[in-house]
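# Close look at the chain arrangement
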Amino acid sequence: MIQISVHILKFGNLGVKSGPYDAFEVIHFKPETRGVAVARVDVEKSGHPELKVKAHEPRELPTNAGSVATLESAVLGNWNDDGSTHFTLTVSGSDDQMEFVLSGRRDHHSFWWRSQLRIVNGEVIVQRPVLANDPHS
């Protein structure tokens, strides 16, 4: 059996790594530095799960950030609170953009949260999470 430990997932010039309190940090990879943490991604695991993405003051990562894997998409987590609610957080991206999607089902209603981050003129722009309604509910 092969075990692989990856600390940062890289999607073009943006990446994601585990952060404190079951959250994730968005990393902006710049040529002159190892990487800069620029935003935090959380999943509110309440009765109505919600995606939260918030930009914060850029913070340079330590020079030894661990191993990095370059991908196009990944599942960051799956959760169930009981028999009626389950949801999944995925991330995908390439070049200068990244997208987080929190999708799932609560009772008989589907939900789909989406947030995009992109690099414009060297700065990371964070789009607030948007909830798409289930057209069948």
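The rules behind each value
- Residues numbered from 1 in each chain as written.
- Predicted model: local features only at pLDDT ≥ 70, side-chain atom pairs only at ≥ 80, totals over all residues.
- Heavy atoms only, no water.
- Helix = DSSP H or I, 4+ residues; strand = E, 2+ residues; numbered from the N terminus.
- Buried < 20%, exposed > 50% of the residue type's maximum accessible area, 1.4 Å probe, protein only.
- Contact = heavy atoms within 4.5 Å.
- Areas by Shrake-Rupley, 256 points an atom, 1.4 Å probe, with all protein chains shown as cover.
- Phe/Tyr/Trp six-rings, centres within 6.5 Å; stacked < 30°, edge-to-face > 60°.
- Lys NZ or Arg CZ within 6 Å of the ring centre and 35° of its normal.
- Pairing = 2+ DSSP bridges.
- Core = buried A, V, L, I, M, F, W, Y, C linked by side-chain atoms within 4.5 Å.
- Axes fitted to C-alpha atoms, helices over the stretch in contact; angles between N-to-C directions.

## Examining the overall build of the protein chain
Scanning the protein chain from N- to C-terminus turns up 0 helices and 12 strands. Each helix (α) and strand (β) of the protein chain, taken in turn from the N terminus, gives the series β-β-β-β-β-β-β-β-β-β-β-β. Counting over 137 residues, the protein chain shows a buried share of 37%. Within the protein chain, contacts between residues separated by at least 24 positions form 39% of all contacts whose residues are at least 6 apart in sequence. As displayed, the protein chain has an accessible area near 8,400 Å², and 49% of this comes from carbon and sulfur atoms.

## Looking at the packing of aromatic side chains
Aromatic ring pairs are described here by two measures, namely the spacing of the ring centres and the angle between the planes. For the structure on display, the rule yields 2 aromatic pairs. Across from the ring centre of F29, 4.9 Å away, lies the NZ or CZ of K10, which sits over that ring.

## Regarding the pairing of strand β1 (residues 8-11)
One ladder, built from 4 bridges, connects β1 with strand β2 (residues 14-18); its direction is antiparallel. Bridge pairing in β2 places F11 opposite L14. Between β1 and β2, which follow one another and run antiparallel, lie 2 residues, and G12 among them has a positive phi close to 70 degrees. As paired elements, β1 and strand β6 (residues 68-70) share 3 bridges and run parallel to each other. Bridge assignment links I8 to a residue of β6, and that residue is V68.

## Here we look at the nonpolar core
If you look at the biggest cluster of nonpolar residues, it comprises 28 residues, and the most contacted ones within it are L89 and F100. The biggest single contributor to this core is strand β4 (residues 36-44), with 5 residues. Ranked by size, the runner-up nonpolar core spans 5 residues in total, among them I8, I27, F29 and L61.

## Concerning the sheet that holds β6
The strand order β5-β4-β3-β2-β1-β6 describes an open sheet built from 6 strands, whose pairing is mixed. Among the strands making up the open sheet, the edge pair consists of β5 (50-60) and β6. Averaged over neighbouring strand pairs, the angle between their axes works out to 25 degrees when direction is ignored.

## With respect to the environment of R114
When you line up the elements, R114 lands in strand β10 (residues 109-120). On the basis of relative accessible area, R114 is assigned to the partly exposed category, the value being 26%. Placed 18 residues apart in sequence, R114 and A132 show a C-alpha to C-alpha distance of 7.9 Å. When neighbours within four sequence positions are excluded, R114 is seen to be in contact with L51, E99, F100, V101, R128, P129 and V130.

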